[in-house]
Structures are given as structure tokens and as C-alpha cells.
Amino acid sequence: MTVSDTGSEPGSDFLSSTREFYDAIAEDYAAMFAGKHAATPLDRAILAAFAELVGDEGTVADVGCGPGRSTAHLAALGLRAYGLDLSESMLAVARRENPELRFEQGSMLDLGVSDGSLAGIVSWYSTIHTPVDRLPALFAEFHRALAPGGHLLLAFQTGGPHRRHDRPFGHDVSLTFLRRQPDDLAQLLTETGFTLGSRTIREPDEDLGERTPQAYLLARKPVTAARPGGATA
Ligand SMILES: C[S@@+](CC[C@H](N)C(=O)[O-])C[C@H]1O[C@@H](n2cnc3c(N)ncnc32)[C@H](O)[C@@H]1O
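Residues numbered from 1 in each chain as written. Predicted model: local features only at pLDDT ≥ 70, side-chain atom pairs only at ≥ 80, totals over all residues.

Concerning the overall build of the protein
This is how the line gets drawn: For the purposes of this entry, the term helix denotes a DSSP run of H or I that reaches at least four residues, the term strand denotes a run of E that reaches at least two, and both are numbered from the N terminus. Counting other C-beta atoms within 10 Å of a residue's C-beta gives its exposure: the residue is buried at 20 or more, exposed at 12 or fewer, and partly exposed in between, where C-beta atoms are placed from the backbone. For the purpose of contact definition, each residue receives a C-beta atom placed from its backbone, and two residues are in contact when these atoms lie within 7 Å.
Secondary structure assignment for the protein yields six helices and 10 strands. For the protein, buried positions account for 37% of its 233 residues. Here the contacts in the protein between residues at least 6 apart in sequence split such that 67% fall between residues at least 24 apart.

Next comes the structure, spelled out in C-alpha cells:
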């Protein structure tokens, strides 16, 4: 694989290119990250905080669940979690490794659930292929799907620049991994109607092969609807 700093915002075909990339690498990705999910104490603390905030009532969607380790981690924390992903090959791994959990194919831009039906949404390194001009629609979909008082957790690489991954594990695919700034996403979340709970940045863990800082945002859909000007109903 070659990794270069030449990545740019993807085009309108980003869903099909993302699906194609992860379909090609699913088994290698799962093997490479075996035992490395939530491998740092801070990652586990943030996931535990999310679980405590959500509580044991209601359903949590792990969007962009990949091989399902994040879904399994959330379930082990006592949440009623299911996984959703674009890639059928990732889902095949997830179902094989977690036969007791539910995994669905779909896009997080259209969650296919009724308004206000989710207690929580986790996007663990899965917003990183969504172009910047589609992030408002993505966060609006998260807001629509969450119940009033529901919680959102985003994890993503930060720092710059975007990174282009070519021929990962020798497969003939490539994809850009977009690096976002926590303040930019936090502002977008508040513009969408979320209340920000925390923004955390941790330094890269070289033992895990990380090259850049990692960011985590916790946000909540207010219990009462926000009104223009910041007042609540
Ligand atoms: C870097 S992997 C992270 C997987 C998993 N959350 C983990 O931490 O192991 C990104 C995953 O997000 C999925 N993904 C990206 N964009 C998506 C979208 N719009 N809807 C659903 N899944 C998406 C990809 O198919 C891929 O499985």
C-alpha cells in the first residue's frame, strides 16, 4: 500500500467508492485490527462514558460498523446495539464474528429508522469518507433519528492533510481518508441543533501505528426543541 498526502474531497460517487474499497479489504482490515479496537484506556473511557450517558433503555446504532468490533464493544457495555454499514463484505465479517448481534446494510445518510427512534448513535471512524458538503445532511439525519435527549459519539482522525490510501493489502482500490478539525465538526453539530457535551483530542499512539491525533466528540439532541436565537421551547 502507498499512503500519500494528495487526498482531496471525494466526488458525488463517494458511497460507491467507499463500498468498493471496504468490500475489497474487509478480511485484511479485520485481521489487521484484530485486538486493536478501543485499545487505549482513553478510547475505552469515552465509550464507557457514552454507554453511561445513554443508559440501558433504547436502541443504539453503530453506523459504519465495519467488522462489528465497535458494535460488540457497545453491546458488552450493556447497550442494545446494532451495526449498519455500506459494505456487504464488512458485514459478512461482522455477522460471522458476532452471530448474536444484528447487522444491516445501508448508508448512514439514510438510516431507515423512524424519527426519534434511537437512544444513541456511534460513528467510530466512519464519517471520514463523507465529503464536507454532505456533512450537514449527515448530521441532520443523525438528529432526525435520535430521540430527544439522545446521544451521539463521533471518533475520527484529525490533524492534516487528507491521506490517500492506494492498493491497500495489494488490492486494486484506493480511497481518501479525510481529516477533520474537531472545532469545525463541533460547530456543524451545534448548527444542526445538537448540544456539545465534550471534545477530546488524544495524541497518536505509535504502538498502534497511528500517525495523527485522534478526536472524539460527544453531543446530545436537546430534550426540548431548540428555537432560533438559542432559546428552548
Ligand atoms: C475505518 S472503517 C471503521 C469501522 C469500524 N467502526 C471500526 O472502528 O472498526 C469505516 C467503515 O465505515 C463504513 N462507512 C463509510 N461511510 C459509510 C456510510 N455513508 N454509511 C455506512 N457505512 C459507511 C465503511 O464501509 C467502513 O466499514
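A look at helix α3 (residues 69-76)
Among the eight residues in α3, seven count as buried, and that is most of the element. Among all positions of α3, only Arg69, Ser70, Thr71, Ala72, His73, Leu74 and Ala75 are buried. Along its buried surface, α3 packs onto α2 (41-54), β2 (59-63), β3 (80-85), α4 (88-97) and β5 (118-124). With its phi angle positive at about 100 degrees, Gly78 sits one or two positions after the end of α3.

Considerations on the site of the ligand
What counts, and what does not: In this text, near has one meaning. A residue is near a molecule or strand if its C-beta atom, placed using the backbone, is within 6 Å of it.
The environment of the ligand is formed by 24 residues, the closest being Tyr22, Gly64, Gly66, Met108 and Ser126. Only α1 (14-32), α3 and β3 provide two or more residues apiece to the shell around the ligand. No other element matches the three residues that α1 contributes to the shell around the ligand.

Here we look at α2
Selection criterion: The span you would expect from a helix comes to 1.5 Å times its residue count less one. Arc definition: it is the arc formed by the directions from the helix axis to the C-beta atoms.
Taking 1.5 Å per residue as the helical rise, α2 with its 14 residues ought to reach 20 Å, and the 20 Å between its terminal C-alpha atoms agrees with that figure. Every buried residue of α2 is listed here: Asp43, Ile46, Leu47, Phe50, Ala51 and Val54. One side of α2 holds all its buried residues, which, seen down the axis, span an arc of 140 degrees. Opposite its buried face, α2 presents the exposed residues Pro41 and Glu52, each directed more than 90 degrees away. Looking at the buried residues of α2, the elements they touch are β2, α3, β5, β6 (146-157), β9 (195-202) and β10 (214-220). Directly after α2, the chain includes Gly55, whose backbone phi takes a positive value near 80 degrees.

Overview of the sheet that holds β9
The condition is simple: Pairing between strands is defined by DSSP: at least two bridges between them are needed. To define axes, lines are fitted to C-alpha atoms, for helices over the stretch in contact only, and angles between the resulting N-to-C directions are given on a 0 to 180 degree scale.
Read across the open sheet, the seven strands follow the order β4-β3-β2-β5-β6-β10-β9; overall the sheet is mixed. Strand pairing shows two members of the sheet lacking a second neighbour, β4 (103-105) and β9, which therefore form its edges. Each strand axis lies, on average, 15 degrees off the axis of its neighbour in the sheet, ignoring direction. This element, α4, spans β3 and β4 of the sheet and lies at about 170 degrees to β4.

Some remarks on unusual backbone geometry
Here the bond from Gly160 into Pro161 is cis, since omega is -10 degrees, no more than 30 degrees from zero. Note that Pro161 resides in the loop between β6 and β7 (163-166). With phi around 60 degrees, Tyr125 is a residue other than glycine that occupies positive phi space. The topology assignment puts Tyr125 in the loop between β5 and α5 (135-145). Of note in this structure, Arg167 is not a glycine but carries a positive phi near 50 degrees.

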